[in-house]
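Summary of structural features
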Amino acid sequence: MTHILHRQIHASLPVAAGGKGIELFDRDGRAYIDASGGAAVSCLGHGHPEVTAALHAQADKLAYAHTSFFTNEPAETLADKLAAGAPQGISHAYFVSGGSEAVEAALKMARQFFVETGRPERRNVIARRQSYHGNTLGALAAGGNEWRRAQFRPLLIDTHHIDPCYAYRYQKAGESEAAYGLRAAQALEDRILELGPDTVMAFVAEPVVGATAGAVPAVPGYFRRVREICDRYGVLLILDEVMCGMGRTGTLHACEQDGVAPDLITIAKGLGGGYQPIGAVLLSRRIFDAFAEGSGFFQHGHTYMCHPMACAAALAVQEVIARDDLLANVRAMGEHLSRRLVERLGNHAHIGDIRGRGLFMGVELVEDRSTKAPFEPKRKLNAKIKREAMARGLLVYPAGGTIDGVRGDHVLLAPPFIIDAAAIDAVVERLGDAIDAAVA
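Just so we're clear, the structure is a prediction, and the values are computed from it rather than from any experiment.

With respect to the confidence of the model for the protein
- When pLDDT is averaged along the protein, the result is 97, and 100% of the positions lie at 70 or above.
- Of all the helices and strands in the protein, helix α6 (residues 146–149) carries the lowest mean pLDDT, 92, while strand β10 (residues 236–240) carries the highest, 99.

And the structure:
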């Protein structure tokens, strides 16, 4: 009997007992290739000696100091490093304990920015359907996953949602990518005008949609047009890179590949690689200056913000990634992963789409390829794939509700940046076998 309230109360879970490199081991000694990095977290894999050494060293010096009394060296150094590598205009970092906290803080920053600059009427948030921005109430309100929102709707602030840029489902026959991108972005301008430009505070979006849709990248040109629309109407652009950022797509920030710089970026998962809980908001100089020249503080805070141990872990993770040029490996192995998925699953009767960037790939399952009709939710196909994959010593991240929170299934792959071609080959073959068994 367990006294933990687990995610699934009646699930019988193996006990994780260790990890090394790209593998995790259960208490019975069985090895699993961690092909999802947990939930796109373990970018350096498990048991990296330099990260664990950094944690030991920091624990010997300082484990905790409250930010109302002190700053600390790991947090200051990490902020310097992140600001140096951030998109144009980003100047400061605000450290929290995870992605949901980061999104929550970013929403509050957006609101306070307009209060500080004399525009308190700006309150509306626009996001996209079938997005995920976290499970705290503000982040959940911003998110567009209807299944997650449904029972908590009475507690959520009013937000507004437009369709995602999801070419497999929304691009019309004969429509070019460029034309589709402009049409998808136009939905944002239409909603701003509908709400009243002077009332809109922020647009929130994932550059590559993560767990709710399965690594869906925007088509080229979409985010450049979104940036233009936000600038035209004075709306802040918040890019949620909690899952797709910090190197996961082959560049440090996913938005680099879209050619845009946001006003606020939320990061987490790959920031600390799972060695400690950490997230951050990266904010632009103009938002920082509004706070500094106005009230002089950000009206928000958490007990564990700027945690020395968490920042030391994240700093070590980021230093290893830079020193070992692991983003080059993400790009190279990402191309190999994409190619192998197409070879193994591209003609599969129940694979509708293979997509993503770098080591952030999604496979969408359909019952009928010609109509793109999904499997019935009652089949719980994603759960079957997870079970069949684990039986083969493989950890992937399947999910249901790909299309609308209820219908559709996908599998998300986000292996560690240190993975090699042979391991990717093993991942793809085991995944293919698991899908075959699940749909049989």
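Concerning the packing of aromatic side chains
- Counting across every chain of the model gives 6 aromatic pairs.
- On the basis of an interplanar angle of 65° and a centroid distance of 5.9 Å, the ring pair of Tyr 64 and Tyr 304 is categorised as edge-to-face. With Tyr 64 in the loop between α2 (49–61) and α3 (73–84) and Tyr 304 in the loop between α11 (285–293) and α12 (308–323), this pair connects stretches of sequence that are 240 residues apart.
- Exposure remark for Tyr 64: the relative accessible area of 35% places this residue in the partly exposed category.
- The interplanar angle of 75° and the centroid separation of 5.1 Å between the aromatic rings of Phe 113 and Phe 114 together place this pair among those described as edge-to-face.
- By relative accessible area, which is 0% here, Phe 114 ends up buried.
- Geometry around Tyr 168 places Lys 372 over its ring, the cationic atom sitting 4.4 Å from the centre.

Structural notes on the packing of helix α8 (residues 177–195) against helix α9 (residues 222–233)
- Contact geometry of α8 with α9 gives a least axis separation of 8 Å together with a crossing angle of 20°. Of the possible angle classes, the one that applies to α8 and α9 is roughly parallel. Our pair here, α8 against α9, has a crossing hand that is right-handed. Residues Gly 181, Leu 182, Ala 184, Ala 185, Gln 186, Leu 188, Glu 189, Ile 192 and Leu 193 of α8 pack against Tyr 222, Arg 225, Val 226, Ile 229, Cys 230, Arg 232 and Tyr 233 of α9.
- Residues that form the contact of α8 with α9 fall into these classes: 11 nonpolar, 2 polar and 3 charged.

Describing the pattern of salt bridges
- Using the criterion set out here, one finds 27 salt bridges in the structure.
- For the salt bridge of Asp 163 with Arg 129, the shortest nitrogen-to-oxygen distance reads 2.9 Å. Taken together, the residues span a long stretch of sequence, with Asp 163 in the loop between β6 (160–162) and α7 (167–170) and Arg 129 in the loop between β5 (124–128) and α5 (137–142) at a distance of 34 residues.
- A relative accessible area of 37% means that Arg 129 is categorised as partly exposed.
- Linking Arg 340 and Glu 343 is a salt bridge whose minimum nitrogen-to-oxygen distance equals 3.0 Å.

Brief notes about the nonpolar core
- The biggest cluster of nonpolar side chains holds 45 residues, and the ones touching the most others in it are Leu 341, Leu 365 and Leu 431.
- Put simply, the parts of the chain that give this core at least two residues each are α2, α12, α13 (326–345), β14 (360–365), α14 (381–391), β17 (409–413) and α15 (421–439).
- With 9 residues, the single largest contributor to this core is α15.
- When neighbours within four sequence positions are excluded, Leu 365 is seen to be in contact with His 350, Ile 351, Phe 375, Leu 381, Ile 385, Asp 409, His 410, Val 411, Ile 435 and Val 439.
- If you look at the next biggest cluster of nonpolar residues, it comprises 30 residues, including Ile 162, Ala 185, Val 216 and Ile 229.

A look at the sheet that holds β5
- With mixed pairing, 7 strands are arranged side by side in an open sheet as β4-β12-β11-β10-β7-β5-β6. Since the sheet does not close on itself, it has two edges, and those belong to β4 (90–96) and β6, each with one partner. Strand-to-strand, the axes of this sheet are offset by a mean angle of 20°, without reference to chain direction.

Overview of the pairing of strand β7 (residues 200–205)
- Counting buried residues along β7, 6 of its 6 residues qualify, which places the element largely inside the surrounding structure.
- When β5 meets β7, the two strands line up parallel, connected through 3 bridges. When the sheet's bridge partners are listed, Val 125 is paired in β7 with Ala 202.

Some thoughts on the sheet that holds strand β16 (residues 397–400)
- Spatially, β13-β14-β17-β16 is the arrangement adopted by the 4 strands of the open sheet, whose pairing is antiparallel. Each of the sheet's edge strands pairs with one partner strand only, and the pair in question is β13 (351–357) and β16. Going from strand to strand, the sheet's axes swing by 20° on average, the running direction of each strand aside.
- Where β13 lies against β14, 6 bridges are found, and the strand directions are antiparallel.

Observations concerning the packing of α2 against α12
- Look at α2 against α12: their axes get within 9 Å of each other, and the N-to-C directions meet at 150°. Our classification of the angle between α2 and α12 gives roughly antiparallel. The way α2 lies across α12 gives a crossing that is right-handed. Judged by residue contacts, Glu 50, Val 51, Ala 54, Leu 55, Gln 58 and Ala 59 of α2 engage Pro 308, Met 309, Ala 312, Ala 313, Ala 316, Val 317, Val 320 and Arg 323 from α12.
- Looking at side-chain class alone, the contact of α2 with α12 contains 11 nonpolar, 1 polar and 2 charged residues.

Definitions and limits used
Residues numbered from 1 in each chain as written. Predicted model: local features only at pLDDT ≥ 70, side-chain atom pairs only at ≥ 80, totals over all residues. Heavy atoms only, no water. pLDDT = per-residue confidence, 0-100. Helix = DSSP H or I, 4+ residues; strand = E, 2+ residues; numbered from the N terminus. Phe/Tyr/Trp six-rings, centres within 6.5 Å; stacked < 30°, edge-to-face > 60°. Buried < 20%, exposed > 50% of the residue type's maximum accessible area, 1.4 Å probe, protein only. Lys NZ or Arg CZ within 6 Å of the ring centre and 35° of its normal. Axes fitted to C-alpha atoms, helices over the stretch in contact; angles between N-to-C directions. Parallel < 35°, antiparallel > 145°, perpendicular 65-115°, else oblique. Left-handed = near helix turned anticlockwise from the far one by under 90°. Contact = heavy atoms within 4.5 Å. Nonpolar A, V, L, I, M, F, W, Y, C, P; charged D, E, K, R; others polar. Salt bridge = Lys/Arg side-chain N within 4 Å of Asp/Glu carboxyl O. Core = buried A, V, L, I, M, F, W, Y, C linked by side-chain atoms within 4.5 Å. Pairing = 2+ DSSP bridges.

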